[in-house]
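As a plain string of letters, each chain reads:
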There are 2 protein chains.
Amino acid sequence: MIMGNVSERRRQPPQVGVSVVILALGPAARADDRNDQTRGTLWMPLVRRVRQPFLGQWALPGGGLRADHSLEQSAYAALESTTSLHPRYLEQLYTFGDPSRSHGGLPMVSIVYWALVGGMDENVEFADGDNVSWFPVDHLPELAFDHREIVDYAMERLRGKIEYPDIVARLVGDRFTLSQLHDVYEAIAEEDIDLANFRRKMLASGLLEDTGDKLRVGRNRPATVYRYKQGTAQPTPWNVAESRTDFAASDIDPQDDALSALTTA
Amino acid sequence: MIMGNVSERRRQPPQVGVSVVILALGPAARADDRNDQTRGTLWMPLVRRVRQPFLGQWALPGGGLRADHSLEQSAYAALESTTSLHPRYLEQLYTFGDPSRSHGGLPMVSIVYWALVGGMDENVEFADGDNVSWFPVDHLPELAFDHREIVDYAMERLRGKIEYPDIVARLVGDRFTLSQLHDVYEAIAEEDIDLANFRRKMLASGLLEDTGDKLRVGRNRPATVYRYKQGTAQPTPWNVAESRTDFAASDIDPQDDALSALTTA
DNA sequence: ACAAAAGTGTTAGGGCTACACCCATGC
DNA sequence: GCATGGGTGTAGCCCTAACACTTTTGT
């Protein structure tokens, strides 16, 4: 721990950390929410702070940055420490470093990542752990530091990226009906999307593949189950982090990538 | 959030720095380029390294990060140290932090910014300073570290953002003809754009304003001079994230903008 | 038969592209 | 007049929104 008075602290090189905004598609908001729509919503896990400042408040999962780890690896480690789910997508979001955000603590630079994990259709429990709890993104508690702004920014980015099909592919399961996919889009966009047109657009994109299976949800007509075609994920500059074909970590050393080994599980 | 094990050497926190990719619209590439097109190109300044590693090679302008400065302020300082031009746009690009990129030096995290400065139509000289020189982006020398990939990434992002009109507004001068604006778009996109359609699209966007003036370039029909309407610059997600504290806010509000006051010189 | 969700057809409009065409100016 | 760049018109294409419609299932 670095000690010293305030002016000494200000001259210190800033501490560097990684935080992660983790998103998963889940059921519609809780029962105590009088909103009766059936549309699914996005959920995210938060951790309760166990020290000052902001002791007891909820915050984004995060951790320190080890000099011998890539940024992605550090982000992955932070993710793993809060949830057992494996990320389908991991991308650098933004780096925050204003002096004001440390609120009297040490000056801090946070490299924020953005992760998508599998959701409800795999009946994975959103297990609330020791100091971890899941919240619907539209009903978050008060957050520590400037984490609220960070979350808002992450959601903006997600909506901006909805057009990239591989992003959505990470939120849904491997196999899904068009209605389910449609629900995901609506959950992200937070607006109604014509199902008929959506269906055509998706099928016309040539990215989907009929699995041959059918899925009957209620007592209604069964829906055909699709999957994304292999190799669909185009390496946009963004999914760099995952695709490994891109420059972020890639060009430098695609070989020793612990992440990809872990995520293929 | 920071929990490094200080005793272990490899776990020491990395050094944090800021680098800047500075772009300006300039004349077509040099005479020794047998490419005879008249289309303007983008230029950027590089600094020659005066210490190891990569001593003598060209590198992106950069500097350390002071704990009492915002990231933008640090980027701005790095920019100022290499060129007297003032940025019309400054945006965070990406943060690089892989252990391998230091090439034997200290572990280094670089927060890279992206700056656009005014160009040729203001007959600003691309003054080559002591250890500073301007290069066309498509004819860069060998760069130190992984800076080449950083530049490539910056160019990708620029092309991806060409649709945001305020980005282009920062590259052209305050006043311009549609042909000049068209040239900028072609320089960025590196492909031909139908001038007739471009004109209509621009005018239809409602972002341009007729200044009433005309400009005659050769002996031809004079072209009407436009400017971007005030308040056109929509807060992209990026400078939103920034706008809370720092001078980047001035980027958004052209009114009390110290920068624009300086650039009109 | 009926309800509910899956899935199809159809039409109108907007935007974009390609390219033909007119306008103003200096020589 | 004629060359040159400024500026306009227009027809076709494709994509999309809107919404009516048919199909398949369980009850």
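Every value quoted in this text rests on a predicted model; they were computed, and no experiment measured them.

Asks: Describe the overall build of chain A, with residues and values.
Replies: Per the secondary structure count, chain A includes nine helices and 10 strands. Within the span of chain A, comprising 265 residues, buried residues form 52% of the whole. In chain A, the share of contacts with a sequence separation of at least 24, taken over all contacts with a separation of at least 6, comes to 62%. Here chain A displays about 12600 Å² of accessible surface, and carbon together with sulfur accounts for 49% of that area.

Asks: Describe helix H4 (residues 178–189) of chain B, listing the residues and the values that go with them.
Replies: Residues and elements named next belong to chain B. Along its 12 residues, H4 runs 16 Å from first to last C-alpha, staying within 8% of the 16 Å computed at 1.5 Å per residue. Restricting attention to buried positions, one finds in H4 the residues Leu178, Leu181, His182, Val184, Tyr185, Glu186, Ala187 and Ile188. The positive-phi residue at the C-terminal boundary of H4 is Glu190, with phi of around 55°.

Asks: Describe the domain arrangement of chain A, with residues and values.
Replies: All names here are of chain A. You can read the domains of chain A as domain 1 (1–161) and domain 2 (162–235). Taken together, the contact pairs 19 residues of domain 1 with 16 residues of domain 2. A buried area of about 1600 Å², summed over both sides, lies between domain 1 and domain 2, and 57% of it is on carbon and sulfur atoms. The tally of links from domain 1 across to domain 2 stands at one salt bridge. A salt bridge links Arg159 to Glu190; its shortest N-O distance comes to 3.3 Å.

Asks: Tell me about the protein's contact with DNA strand C, and please be specific about residues and values.
Replies: The environment of DNA strand C is made up of 19 residues, and the closest members are Ser179 and Arg200 of chain A together with Asn197, Arg219 and Arg221 of chain B. Of all DNA strand C atoms lying within 4 Å of any protein atom, the proportion belonging to sugar or phosphate reaches 63%. One of the side-chain nitrogen or oxygen atoms of Arg199 of chain A is found 3.5 Å away from a phosphate oxygen of DNA strand C. Taking Arg221 of chain B, its side chain carries an N or O atom lying 2.7 Å from a base oxygen of DNA strand C. Counting residues per element, the ones that place at least two in the surface near DNA strand C are helix H6 (195–205) and strand S10 (223–228) of chain A together with helix H5 (195–205) of chain B.

Asks: Give me the packing of helix H5 (residues 178–189) of chain A against H6 of chain A: which residues, what numbers.
Replies: Residues and elements named next belong to chain A. The interhelical angle for the contact between H5 and H6, taken along N-to-C directions, is 105°, at an axis separation of 10 Å. When the axes of H5 and H6 are compared, the pair comes out roughly perpendicular. When H5 is examined against H6, the residues Leu178, Ser179, Leu181, His182 and Tyr185 are found in contact with a partner set consisting of Leu195, Phe198, Arg199, Met202 and Leu203. Its residues assigned to classes, the contact of H5 with H6 shows seven nonpolar, two polar and one charged.

Asks: Summarise H6 of chain A; cite the residues concerned and give the values.
Replies: Residue Asp194 of chain A occupies the N-cap position of H6 of chain A, its side-chain oxygen lying 2.9 Å from the main-chain nitrogen of Ala196 of chain A. Gly206 of chain A sits one or two residues past H6 of chain A and shows a positive phi near 75°.

Asks: Describe the protein's contact with DNA strand D, and please don't skip the residues or the numbers.
Replies: Lining the immediate surroundings of DNA strand D are 18 residues, of which Asn197, Arg219 and Arg221 of chain A together with Ser179 and Arg200 of chain B lie closest. If you look at DNA strand D and keep only atoms within 4 Å of the protein, 63% of those are sugar or phosphate atoms. Here a phosphate oxygen of DNA strand D and a side-chain polar atom of Arg199 of chain B are 3.3 Å apart. Contributing elements (two or more residues each) for the surface near DNA strand D: H6 of chain A together with H5 and strand S10 (223–228) of chain B.

Asks: I'd like a rundown of the sheet that holds strand S9 (residues 208–215) of chain A, residues and numbers included.
Replies: All names here are of chain A. Taken in spatial order, the three strands line up as S8-S10-S9 in an open sheet, and their pairing is antiparallel. The outermost strands of the open sheet, each flanked by one partner alone, are strand S8 (176–177) and S9. By the bridge criterion, five bridges tie S9 to S10 in an arrangement that is antiparallel. Directly across from Asp210, in S10, lies its bridge partner Tyr226.

Asks: Just give me the short version of the pattern of salt bridges, but keep the residues and values in it.
Replies: All names here are of chain B. Evaluated as defined, the whole model comprises 12 salt bridges over all chains. With a closest N to O distance of 3.4 Å, Arg148 and Asp152 form a salt bridge. A residue pair is termed a helical-turn pair when its members lie 3 or 4 positions apart in one helix, as Arg148 and Asp152 do in helix H2 (residues 147–160) at four residues. Residue Arg148 is classed as partly exposed on the basis of its relative accessible area, which comes to 35%.

Asks: Provide a residue-level description of the nonpolar core, including the pertinent values.
Replies: In this structure, Met44, Tyr113, Leu181 and Tyr228 of chain A together with Met44, Tyr113 and Leu181 of chain B are the most contacted members of the largest nonpolar core, which totals 127 residues. Here Leu181 of chain B is in contact with Val168, Val172, Phe176, Phe198, Met202, Leu208 and Tyr228 of chain B, once residues within four sequence places are set aside.

Asks: Kindly report on the confidence of the model for chain A, identifying the contributing residues and their values.
Replies: All names here are of chain A. When pLDDT is averaged along chain A, the result is 75, and 70% of the positions lie at 70 or above. The spread of mean pLDDT over the elements of chain A runs between helix H9 (residues 258–263), the lowest at 26, and strand S3 (residues 58–59), the highest at 96. Between residues 31–37, whose pLDDT stays under 50, and residues either more than four places distant or in other chains, the model counts two contacts. For residues 234–265, every residue scores under 50 in pLDDT, and the model assigns this stretch 65 contacts once sequence neighbours within four places are set aside.

Asks: Help me get a handle on the packing of aromatic side chains, residues and values and all.
Replies: Following the criterion strictly, the structure yields 14 aromatic pairs over all chains and no others. Relative to Phe135 of chain B, the ring of Trp58 of chain B lies with its centre 5.2 Å away and its plane at 70°, an arrangement referred to as edge-to-face. One end of the pair, Trp58 of chain B, is in strand S3 (residues 58–59); the other, Phe135 of chain B, is in strand S7 (residues 132–136), with 77 residues separating them in the sequence. Among the residues examined, Trp58 of chain B registers a relative accessible area of 14% and is labelled buried. On the accessibility criterion, Phe135 of chain B (10% relative accessible area) is buried. Looking at Lys161 of chain A, its charged tip hangs above the ring of Trp114 of chain A, at a distance of 5.4 Å from the centre.

Asks: If you had to explain unusual backbone geometry to someone new, which residues and values would you point to?
Replies: For the bond from Gln52 of chain A to Pro53 of chain A, the omega torsion is -10°, close enough to zero to count as cis. The topology assignment puts Pro53 of chain A in the loop between strand S2 (41–48) and S3. Within the chain, Phe54 of chain A stands out as a residue other than glycine whose phi angle is a positive 65°. The phi torsion at Glu190 of chain B lies on the positive side, around 55°, for a residue other than glycine. Secondary-structure assignment places Glu190 of chain B in the loop between H4 and H5. For Glu190 of chain B, a relative accessible area of 48% gives the class partly exposed.

Reading the values: the criteria
Residues numbered from 1 in each chain as written. Chains lettered and ligands numbered in written order. Predicted model: local features only at pLDDT ≥ 70, side-chain atom pairs only at ≥ 80, totals over all residues. Heavy atoms only, no water. Helix = DSSP H or I, 4+ residues; strand = E, 2+ residues; numbered from the N terminus. Buried < 20%, exposed > 50% of the residue type's maximum accessible area, 1.4 Å probe, protein only. Contact = heavy atoms within 4.5 Å. Areas by Shrake-Rupley, 256 points an atom, 1.4 Å probe, with all protein chains shown as cover. Expected span 1.5 Å × (residues − 1). Domains from an automatic or database assignment. Buried area = accessible area lost by both parts, 1.4 Å probe. Salt bridge = Lys/Arg side-chain N within 4 Å of Asp/Glu carboxyl O. Near = heavy atom within 4 Å. Polar contact = N/O pair within 3.5 Å; in protein donor to acceptor, adjacent residues only side chain to side chain. Axes fitted to C-alpha atoms, helices over the stretch in contact; angles between N-to-C directions. Parallel < 35°, antiparallel > 145°, perpendicular 65-115°, else oblique. Nonpolar A, V, L, I, M, F, W, Y, C, P; charged D, E, K, R; others polar. Pairing = 2+ DSSP bridges. Core = buried A, V, L, I, M, F, W, Y, C linked by side-chain atoms within 4.5 Å. pLDDT = per-residue confidence, 0-100. Phe/Tyr/Trp six-rings, centres within 6.5 Å; stacked < 30°, edge-to-face > 60°. Lys NZ or Arg CZ within 6 Å of the ring centre and 35° of its normal.

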